[in-house]
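Residues per chain, in single letters:
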Amino acid sequence: MKRTNPPVSESPPDSRAAAAPIHARPAHEADIPALTPLIVRLKRLNEEFDPMLKVRVDVEAQAAAVLRTEIKNPKSLVIAAEGLGPEKDKVIGVVRAAIRERPFYMPEVEGVILDIYLLPLYRRHGAGQYLVEHTIAQLKERGAGIVTVEFPSQNEIAGRFYAKCGFRPITALHARIL
Ligand SMILES: CC(C)(COP(=O)(O)OP(=O)(O)OC[C@H]1O[C@@H](n2cnc3c(N)ncnc32)[C@H](O)[C@@H]1OP(=O)(O)O)[C@@H](O)C(=O)NCCC(=O)NCCS
């Protein structure tokens, strides 16, 4: 399969990688069947937090299409998380992130983590934090001077998780259904 993802480095060969609880690598088109259900699970979880995040009936097709586009887009980052040892080659998590311009603020280039999802069995072992640091390093390599994250306001675990990763709220998105 031809590699279409932008040139994202594999996990760095440093001591942190040696202790990594998972393996993070750029996603390829061949990963889409494994990544799509993870994105769909996350969107359904978001719906549980807030009815304003009600998922579309065609969510699976949309997730596959979005992944297909983003894997080819140099301004996007799709990372597949694999287990280690016997779990090697099993996709157990995903991150979607993107590079955005900030026309009015400095730093001028922002990396945004749009989605992060780990299968429940792989949570609470530091894999989430490892994935976030890995993603931030990739976004920094692409010029980001600041990194932001998006998650439903009602997802308190995500709030605690990102606070532990050093994030704090800067803007709020409020919605009203029409
Ligand atoms: C959010 C998520 C990626 C975190 O991954 P994880 O591997 O479980 O997180 P870590 O083990 O790296 O935890 C780091 C810190 O986050 C916080 N945290 C993580 N899960 C938590 C939980 N269930 N309850 C309270 N705090 C939690 C803790 O401060 C934790 O540090 P500690 O273990 O020293 O207490 C994972 O829970 C997940 O995939 N959740 C479902 C999807 C989701 O909600 N995504 C975020 C919105 S897009």
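None of these values were measured; they are calculated from a predicted model. (Residues numbered from 1 in each chain as written. Predicted model: local features only at pLDDT ≥ 70, side-chain atom pairs only at ≥ 80, totals over all residues.)

## Here we look at the overall build of the protein chain
Let me state the cut-off plainly: Strands here mean DSSP runs of E at least two residues long; helices mean DSSP runs of H or I at least four residues long; both are numbered from the N terminus. Between the buried cut of 20 or more and the exposed cut of 12 or fewer other C-beta atoms within 10 Å of a residue's own C-beta lies the partly exposed class, and all C-beta atoms are placed from the backbone. We call two residues in contact when their backbone-placed C-beta atoms lie within 7 Å.
Looking only at helices and strands, one finds five helices and five strands in the protein chain. The linear arrangement of helices and strands in the protein chain, starting from the amino end, is α-β-α-α-β-β-β-α-β-α. Considering the protein chain as a whole, with its 178 residues, one finds that 24% of them fall into the buried category. Of all intrachain contacts in the protein chain linking residues separated by at least 6 positions in sequence, the fraction that spans at least 24 positions is 61%.

## Observations concerning the site of the ligand
Basically, it comes down to this: Near residues are defined by distance alone, with the backbone-placed C-beta atom required to lie within 6 Å of the molecule or strand. Just so you know the grouping, Ala, Val, Leu, Ile, Met, Phe, Trp, Tyr, Cys and Pro go in nonpolar, Asp, Glu, Lys and Arg go in charged, and all remaining residues, Gly too, go in polar.
Near the ligand, the surroundings consist of 20 residues, among which Arg123, Gly128, Gln129, Phe151 and Phe161 are the closest. Taken together, the residues of the shell around the ligand sort by class into ten nonpolar, five polar and five charged.

## Some details on the sheet that holds strand 2 (residues 76-82)
As a reminder of what qualifies: For two strands to be treated as a pair, DSSP must find no fewer than two bridges joining them. Only the contacting stretch of a helix is used when fitting its axis, a line to C-alpha atoms as for every element, and angles between N-to-C directions run 0 to 180 degrees.
Taken in spatial order, the five strands of this open sheet run 1-2-3-4-5, and their pairing is mixed. The open sheet has two edge strands, strand 1 (23-26) and strand 5 (146-149), and neither has a second partner. Averaged over all pairs of adjacent strands, the angle between strand axes in this sheet comes to 25°, irrespective of strand direction. Taken together, the nine bridges between strand 3 (residues 91-101) and strand 4 (residues 109-118) define a ladder with antiparallel strand orientation. Bridging from a neighbouring strand, Val94 pairs with Tyr117 of strand 4. Of the strands in this sheet, strand 2, strand 3 and strand 4 are in contact with helix 2 (residues 32-49), which crosses strand 3 at around 75°.

## Regarding the packing of helix 2 against helix 3 (residues 59-72)
The description of two packed helices rests on the angle between their axes and on the distance between the axes. For clarity, the cut-off: By the definition adopted for this analysis, an angle is roughly parallel if under 35 degrees, roughly antiparallel if over 145, roughly perpendicular if from 65 to 115, and oblique otherwise. Crossing chirality is assigned from the near helix's rotation relative to the far helix, an anticlockwise turn below a right angle marking it left-handed and a clockwise turn marking it right-handed.
At a minimum axis separation of 9 Å, helix 2 and helix 3 run at an interaxial angle of 120°. Comparing their axes, helix 3 and helix 2 come out oblique. The chirality of how helix 2 crosses helix 3 is right-handed. Residues Ile32, Leu35, Thr36, Ile39, Val40 and Lys43 of helix 2 touch helix 3, and the partners they reach there are Val59, Glu60, Ala63, Ala64, Leu67 and Arg68. The residue makeup of the contact of helix 2 with helix 3, split by class, is eight nonpolar, one polar and three charged.

## Brief notes about the environment of Lys43
Here Lys43 shows up in helix 2. Those residues in contact with Lys43, other than ones at most four positions away along the chain, are Val55 and Val59.

## Focus: the environment of Gly143
In this fold, Gly143 is placed in the loop between helix 4 (127-141) and strand 5. Separated by 36 residues in sequence, Gly143 and Pro107 have C-alpha atoms that sit 9.8 Å apart. Once you skip the residues sitting within four places of it in the chain, Gly143 turns out to touch Ile99 and Val109.

## With respect to the confidence of the model for the protein chain
Stated precisely, the cut-off is as follows: The predictor's confidence in any single residue is recorded as pLDDT, a number from 0 to 100.
Across the protein chain, pLDDT averages 91, with 89% of residues at or above 70. Contacts of residues 1-18 to residues separated by more than four positions or lying in other chains number 25 contacts, the stretch itself having pLDDT below 50.

## Some remarks on the environment of Ala63
The topology assignment puts Ala63 in helix 3. C-beta crowding within 10 Å serves as the criterion here: with 24 such atoms nearby, Ala63 is assigned to the buried category. A C-alpha to C-alpha distance of 9.4 Å links Ala63 and Lys43, two positions 20 residues apart in sequence. If we ignore the near neighbours within four places in the chain, the residues touching Ala63 are Thr36, Ile39 and Val40.

## Regarding unusual backbone geometry
For the bond running from Met106 to Pro107, omega is -10°, close enough to zero to count as cis. Residue position: Pro107 is located in the loop between strand 3 and strand 4. Not every positive phi belongs to a glycine, and Asp89 is a case in point at roughly 75°. You can see Asp89 is positioned in the loop between strand 2 and strand 3. A residue is classified by how many C-beta atoms lie within 10 Å of it, and Asp89, with 9 of them, is exposed. Unusually for a residue other than glycine, Arg124 sits at a positive phi of about 65°. When you line up the elements, Arg124 lands in the loop between strand 4 and helix 4.

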